[in-house]
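# Descriptive analysis of the structure
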Amino acid sequence: MLRWLGLGSFRHGVHPPDAKDATRDLPIRRLPFAPLLVVPLAQHLGRPSIPLVREGQEVARGECIARPDGFLSVAMHAPASGVVKELGLVPSIAGRMVSAVYLEPLPGSTQEVVEGTPCPPDAEPEQIVRAIQEAGVVGLGGAGFPTHAKLRPPEGGFFDTLIVNGVECEPYLTTDHRVMLEQREDVFAGLRYLLAATGAQRAIVGVEENKPDAAAHLRAGLPEDLPASVEVLQVKYPQGAEKMLIEALLGRQVPSGGLPADVHALCVNVATTAEIGRLLPHGRGIQERVVTVTGPAVRHKGNYRVPIGTPLRFLLEAVGVEDDLSRVFLGGPMMGSAASSLDIPITKGTSGVVAFGERESAATHVAPHPCIRCGYCVNACPMFLDPSQLGLLAAIERYQEMAERHHLMDCFECGACAFVCPSHIPLVQRFRVAKTALRKAKAP
Ligand code: SF4
Ligand code: SF4
């Protein structure tokens, strides 16, 4: 249907090897509790949550341990029944030390989760938005943006379409794929909440054609009274980015510097949707998430339900890693970040852990050559930027010019340009440095 309409994908983009075979057919398994769980208070964009617990306090699994600090913040919940050991600091993926609650699970801590006040799917929109914030829901695709904060249309605007993002275009990751296969009813329940909260008249679940079983499974179970469809898209990276997905499904282009709301659309990741459908009927909060743990250096690859706050070191020991473990990516090799420490805990935004051995890491450490003006990066960029020019300006620190004349801030660091660059120029790293410098210069 989409291809008949001239839709089904977006312009530009790349085709990296998907590397999903090792985990796509493996059912989700549960990881045990680590001896010490570390729950960062800033797992989302916006202000860190405010702790509600003190050292020595016993908490039950699922109990709220930190409340939101303002609208752009969410609650945090205990991932296990246990004792608060301390309120301290922990390294984050961004390399900063952030506040965290250290929780020691009680011996024999079970999977039982405390119930809160249920939110019915036909509740008022404001009540659903509040319930999603109190459940601590953020974009589980990795963005970490508080989900409740984008559900209400802007003043004078409206949403006509809710897009549920089941694309999962990042290589290696199969979290969303397994969630669509194993939590179909949760996805549909979440859809009802999201439609009610946003006022959108219809929902479209976008799935790439490398997940035919997931698309068929969702289609086969769609309740008749749910105004939703499942659309299959061509495989292309980075189709999971919301601007690309809106173009692929609706043929609408979000303007430069704009938001999906500008074209009356809203995108929510499919695992986030399922989590809303799973939690709200019980008044619960997020205490765990599904994580793809894979890569050449992982022995027991798979999708695991991991308590939030599980240290990376414990996770890797539990699945077994090869002796030559060299680099670990959180989130995947294209848009994820290399972990600087194995003390970093799994957070709500960790969709994948991808571990490489020395051989694969060495293959990525190729010395850059000068730009040969081949234009491959220009043809790859889904935002129609000129990565070649941006890269040259970044190298001579002309950051202001990058922003003002070449729309640097439209770059969402997908890495498509660097992926095709025959000169191996670290374009994305250069763009990150430029953005950081511009933000610092702007800060009061
Ligand atoms: S990283 Fe930025 S410049 Fe490069 S392709 Fe992606 S959006 Fe374009
Ligand atoms: S792909 Fe690399 S070498 Fe080619 S134009 Fe872009 S930056 Fe230059």
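Details of the structure are given in the entry above.
So, here's what we can say about the structure. Note that residues are indexed from 1 along each chain, following the sequence as it is written. Whichever chain is written first is A, and whichever ligand is written first is 1; the rest continue in order. Predicted model: local features are reported for residues with pLDDT of at least 70 only, side-chain atom pairs are reported and counted for 80 or more only, and whole-chain, interface and lining totals are derived from all residues. Computation of side-chain values: all heavy atoms of the structure, hydrogens and water removed.

## Notes on the overall build of the protein
To keep it simple, the criterion reads: Helix and strand definitions follow DSSP, with helices as H or I runs of at least four residues and strands as E runs of at least two, each counted in order from the N terminus. In this treatment the radius of gyration is a C-alpha quantity, and the globule benchmark scales as 2.2 Å times the residue count to the 0.38 power. The buried label applies to any residue whose accessible area, calculated with a 1.4 Å probe on protein chains only, is under 20% of its type's maximum; exposed applies above 50%, and partly exposed to all values in between. Note on contacts: a residue pair qualifies if any of its non-hydrogen atoms lie within 4.5 Å across the two residues. For the accessible areas, the method is Shrake-Rupley and the probe is 1.4 Å, while residue cover comes only from the protein chains on display. Only four residue types enter the charge count: Lys and Arg as positive, Asp and Glu as negative, with His and the chain ends excluded. In plain terms, the charge of a residue is placed at NZ if it is Lys, CZ if Arg, CG if Asp and CD if Glu.
What the protein contains, in helices and strands, is 13 helices and 17 strands. Computed over C-alpha atoms, the radius of gyration of the protein comes to 21 Å, within 12% of the 22 Å expected from 2.2 N^0.38 for 444 residues, which places it in the range of a compact globule. Once the C-alpha set of the protein is aligned to its principal axes, its extents read approximately 60 × 50 × 50 Å. Per-residue burial over the protein gives 53% buried out of 444 residues. A separation threshold of at least 6 residues defines the contact pool for the protein, and within that pool the share at least 24 residues apart is 73%. When the accessible surface of the protein is split by element, carbon and sulfur atoms take 54% of a total near 19,100 Å². Of the side chains in the protein, 43 bear a positive and 47 a negative charge, and the two mean positions are spaced by 4 Å.

## Structural notes on the pairing of strand β17 (residues 352–357)
The condition is simple: By definition, two strands form a pair when at least two bridges between them are found by DSSP.
Among the six residues of β17, six are classified as buried, and the element is accordingly described as predominantly covered. In β17, alternate side chains face the same way, and those of G352, V354 and F356 on one face and V353, A355 and G357 on the other are all buried. Note: strand β13 (residues 288–294) against β17, three bridges, orientation parallel. Its bridge partner lying in β17, T292 is registered against G352. Strand direction decides the pairing type here: strand β15 (residues 325–330) and β17, joined by five bridges, are antiparallel. Within β17, the position partnered with L330 by the bridge is V353.

## Observations regarding the environment of P51
Here P51 lies in strand β3 (residues 50–51). Contacts of P51, omitting those with residues within four sequence positions, involve L41, I65 and A66.

## Topic: the sheet that holds strand β16 (residues 337–338)
Selection criterion: Working convention: axes come from line fits to C-alpha atoms, limited for helices to the stretch in contact. Angles between N-to-C directions cover 0 to 180 degrees.
Pairing in this open sheet of six strands is mixed, and the strands run β1-β14-β13-β17-β15-β16 from one edge to the other. The open sheet terminates on both sides in strands that have one partner only, identified here as β1 (29–30) and β16. Across the sheet, helix α7 (residues 312–319) touches β13, β14 (302–307), β15 and β17, and the angle it forms with β15 is around 115°.

## Considerations on the site of ligand 2
Formally: We call a residue near a molecule or strand as soon as one heavy atom of that residue lies within 4 Å of the molecule or strand. Three classes are used: nonpolar for Ala, Val, Leu, Ile, Met, Phe, Trp, Tyr, Cys and Pro, charged for Asp, Glu, Lys and Arg, and polar for all others, with Gly counted as polar.
Inspection of the region around ligand 2 gives C371, I372, R373, C374, G375, C377, S388, C421, P422, S423 and I425 as its neighbouring residues. Of the residues assigned to the shell around ligand 2, the class counts are seven nonpolar, three polar and one charged.

## Focus: the sheet that holds strand β9 (residues 161–166)
Ordered by their spatial adjacency, four strands build an open sheet running β11-β10-β9-β12, and the pairing between neighbours is parallel. Edge positions in the sheet fall to β11 (228–233) and β12 (265–269), since each of these pairs with one other strand and no more. Neighbour-to-neighbour, the strand axes of the sheet open up by a mean angle of 25°, direction not taken into account. As paired elements, strand β10 (residues 202–208) and β11 share six bridges and run parallel to each other. Paired with I204 across the bridge in β11 is S229.

## As for the pattern of salt bridges
Stated formally: We define a salt bridge as a contact between a side-chain nitrogen of Lys or Arg and a carboxyl oxygen of Asp or Glu at a distance within 4 Å.
In the structure shown here, the tally under the stated rule is 24 salt bridges. For the salt bridge of E242 with K150, the shortest nitrogen-to-oxygen distance reads 3.9 Å. Highlighted residues: E242 in helix α5 (residues 242–250) and K150 in the loop between α1 (125–134) and β9, separated in sequence by 92 residues. Two residues, R278 and E288, come together in a salt bridge whose shortest N-O distance is 3.4 Å. With a gap of 10 residues between them, R278 in helix α6 (residues 270–279) and E288 in strand β13 connect regions that are remote in the sequence. Look at R278 and you get partly exposed, because its relative accessible area is 21%. You can call E288 buried: its relative accessible area is 3%. Three or more residues are tied together by salt bridges with common partners; here these are R30, R61, E275, R278, E288 and R305.

## Re the packing of aromatic side chains
Given two aromatic rings, their pairing is described by the distance between the two centres and the angle made by the two planes. What counts is decided by this rule: The criterion for an aromatic pair is that two Phe, Tyr or Trp rings (for Trp, the six-membered ring) have centres within 6.5 Å, with stacked assigned to planes under 30 degrees apart, edge-to-face to planes over 60 apart and tilted to the rest. By the criterion adopted, a ring carries a charge over it if an Arg CZ or a Lys NZ lies within 6 Å of its centre and within 35 degrees of its normal.
Across all of its chains, the model carries two aromatic pairs by this definition. An angle of 90° between the planes, with centres 5.7 Å apart, marks the rings of Y172 and F356 as edge-to-face. Of the two residues, Y172 sits in the loop between β9 and α2 (175–182) while F356 sits in strand β17, which places them 184 residues apart along the sequence. The same class applies to Y172 as to F356, namely buried. Judged by centre distance (5.8 Å) and plane angle (85°), the ring pair of F329 and F356 falls under edge-to-face. Placement of F329 in strand β15 and of F356 in strand β17 is noted, with a sequence separation of 27 residues between them. Like F329, the residue F356 is buried in the burial classification. Between the NZ or CZ atom of K236 and the centre of the ring of F10, over which it lies, the distance is 4.6 Å.

Everything listed here is a matter of geometry and, on its own, says nothing about what the molecule does.
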